[in-house]
Each structure stands twice: as C-alpha cells, then as structure tokens.
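Here's the letter readout for the chains.
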2 protein chains.
Amino acid sequence: MVEPIKSDEAQELAAGFKLLADPVRLRILSLIANSPAGELCGCDLPATIGRSQPTVSHHLSLLAQAGLVTREQRGKWAWFRVEPDRVAVLRDALSQKSEPRSQKSDAHC
Amino acid sequence: MVEPIKSDEAQELAAGFKLLADPVRLRILSLIANSPAGELCGCDLPATIGRSQPTVSHHLSLLAQAGLVTREQRGKWAWFRVEPDRVAVLRDALSQKSEPRSQKSDAHC
DNA sequence: GCTATATATTGACGTCTGTCTATATACCTG
DNA sequence: CAGGTATATAGACAGACGTCAATATATAGC
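About the criteria used
Residues numbered from 1 in each chain as written. Chains lettered and ligands numbered in written order. Predicted model: local features only at pLDDT ≥ 70, side-chain atom pairs only at ≥ 80, totals over all residues. Heavy atoms only, no water. Helix = DSSP H or I, 4+ residues; strand = E, 2+ residues; numbered from the N terminus. Contact = heavy atoms within 4.5 Å. Polar contact = N/O pair within 3.5 Å; in protein donor to acceptor, adjacent residues only side chain to side chain. Salt bridge = Lys/Arg side-chain N within 4 Å of Asp/Glu carboxyl O. Buried < 20%, exposed > 50% of the residue type's maximum accessible area, 1.4 Å probe, protein only. Buried area = accessible area lost by both parts, 1.4 Å probe. Near = heavy atom within 4 Å. Nonpolar A, V, L, I, M, F, W, Y, C, P; charged D, E, K, R; others polar.

Peer 1: Describe the environment of A:Thr48, naming the residues involved and giving the relevant values.
Peer 2: Residues and elements named next belong to chain A. Summarising the element assignment, threonine 48 is placed in helix α3 (residues 45-49). With 20 residues separating them in the primary sequence, threonine 48 and isoleucine 28 have C-alpha atoms 9.3 Å apart. Beyond its immediate chain neighbours, meaning those up to four positions away, threonine 48 contacts Arg27 and Leu31. A polar side-chain atom of threonine 48 sits 2.6 Å from the main-chain carbonyl oxygen of aspartate 44.

Structure representation (structure tokens):
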C-alpha cells in the first residue's frame, strides 16, 4: 500500500481477498499451483479436499469467475491453472514501503 | 505457496484473509499504514471511512485481536499501528516459485 | 462530582456464505 | 442409442457477518 486506497479500490481488493478467505479455496489454489506442469484436473479435488463434488465445483466456479484460475475443458475433464498475475495483484496490495516515516503524529484531538 | 498447504494451515491463512475481505478494514489498514509516523488515532476514522464510531471500533477490535494492528492508549485516545510482520505472513502465502515445472500432467482419469 | 469526549460493548437485523442433496448437462465408450 | 463418468446448477438450510442504535466504560477538565 503506497497510499491510502479509495473506497472503490478497497471494494475490489476486498472481493479478491474474500476468495482467499475460505480454507477450501485456499487449498484448491495451493494444490493447483503446486501440481506437476502447474495444472490440475478437477476430478482430483473432491477426494483430496474432502468435500463433495458440487461443493468443489462451486468453489472452482468462483475462482474462475474472478480470474484467479483458468479452466480448460479437455473432453469431459476440466483442467485448471492458477493465474499468477491475478494473485500478484492481491499480494502486491499487501506490499509496503520499507523505510520508516519521519513525520510526527498530530497532537490530538 | 511453496507446497500444497495443509487443512489447518489453510484454516489459519483463511482467517487472516477474511480480515482483509472487507473494504472498511482494508481502508483502515491502508490509512494507518500510510499515515505520518505510521500511526493513526482512532478518532480520525469514522469521518474518514464514512461509518459510525461503533462500526469502526468493531473493525479495529477484530484487526487488533488478530494482531494485524497494535493499539496504544494515550489518555483517552487510542493510537493504532500496522504490524508489518503479520501482514507479511499473508503476503508471503501468495508468493510462488517463479520457475515453471518440467513435469507432465497425469493422463486422466 | 459533574460534564464532555473518546472508545468499547451489546443486541438486533438483514444479508451473505458454504455446505449438502438432487438433478441437469456434457462427453465418451461400446 | 444406452450407460457410465465428469461437471455444473438449483434450492434449501444453518451459520457467519457488517451495520446501526443504544448504552456502558474510561479519561480528562473544571
């Protein structure tokens, strides 16, 4: 955060972080990001995650709609990849200037 | 994410991201992080954020409980600072290895 | 002690969210 | 075309969440 963010920017970033605010979606992203060739078939997820197929499908749909993952249909199988650029937007929103400020706080109030 | 995260680790990280999944809390963090001397008095926030004092107090309490901010009482005024280390934990969870994998995906299914 | 200001807490309410079952849809093989 | 497998969608349900008004608590000045 280089300068205080505006209300609408906060709205967008919050929507992005909301997707990460669920352990199931975090694990899905982590599994995809760490899979061989950087992609994963959807059929692997319900058993690995321990959730029903409709639940996993629901979460994958949310991630795809937000652009955090991309989905490629190959026959009847759906393959997913993480979009590093979209994840970087959220990560960078948490980056801060490293040098301390020299200005004094206001006397209050 | 260096390797797939475990269920309990995902739970903890999700709890952290959940705090960022609200535009009001994001703006609070951003305002504190970008204020002179890196600290901000609570009394400045309701008007700046456009929310009632109890709402702002509620959000500050959540942020402080999670350790994302620290609170210092000076007389009747409460001053807040961002905890960069705790923010870094969340940011680093979104960091990825940069080099592409050479392994092939499994044939399916 | 009273009054004013700053902040925290309580409770209620409406909205949002993650889960499941059931089912629909799409693809593929024989 | 029928049956099997993979995936998406619908709807219901319980729980979580952000907001406010009202109020309690703490600090400070007179």
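Peer 1: Break down the pattern of salt bridges for me, with residues and values.
Peer 2: Residue and element names in this part refer to chain A. Considering all chains together, one arrives at 8 salt bridges over all chains under this definition. Between glutamate 72 and arginine 74 there is a salt bridge whose closest N-O contact spans 3.2 Å. By relative accessible area, which is 40% here, glutamate 72 ends up partly exposed. Connected through shared salt-bridge partners, Glu39, Glu72, Arg74 and Arg81 make up one network.

Peer 1: Account for the interface of chain B and chain A, naming residues and giving values.
Peer 2: Each side of the interface is counted separately: chain B has 49 residues, and chain A has 49 residues. Where chain B abuts chain A, roughly 4100 Å² becomes buried across the two surfaces, and 65% of that area is made up of carbon and sulfur atoms. Inspection of the region where chain B meets chain A yields 0 salt bridges. Scanning the region where chain B abuts chain A turns up 4 residue pairs in polar contact (both at pLDDT 80 or more). Breaking the side of chain B that touches chain A down by element, the ones donating at least two residues are α1 (7-20), α2 (23-33), β1 (39-41), β3 (77-82) and α5 (84-93) of chain B. The element best represented in the side of chain B that touches chain A is α1(B), accounting for 8 residues.

Peer 1: For the protein's contact with DNA strand C, give the residues involved together with the corresponding values.
Peer 2: Among the 23 residues in the neighbourhood of DNA strand C, the closest are listed as A:Arg51, A:Thr55, A:His59, A:Gly75 and B:Arg71. When atoms of DNA strand C within 4 Å of the protein are split into backbone and base, the sugar-phosphate part holds 69%. Between DNA strand C and A:Thr55, the relevant distance is 2.4 Å, taken from a phosphate oxygen to a side-chain nitrogen or oxygen of the residue. Taking B:Ser57, its side chain carries an N or O atom lying 2.8 Å from a phosphate oxygen of DNA strand C. By residue number, the principal contributor to the surface near DNA strand C is helix α4 (residues 53-65) of chain A, which donates 4 residues. A breakdown of the residues in the surface near DNA strand C according to their chemical character gives 8 nonpolar, 8 polar and 7 charged.

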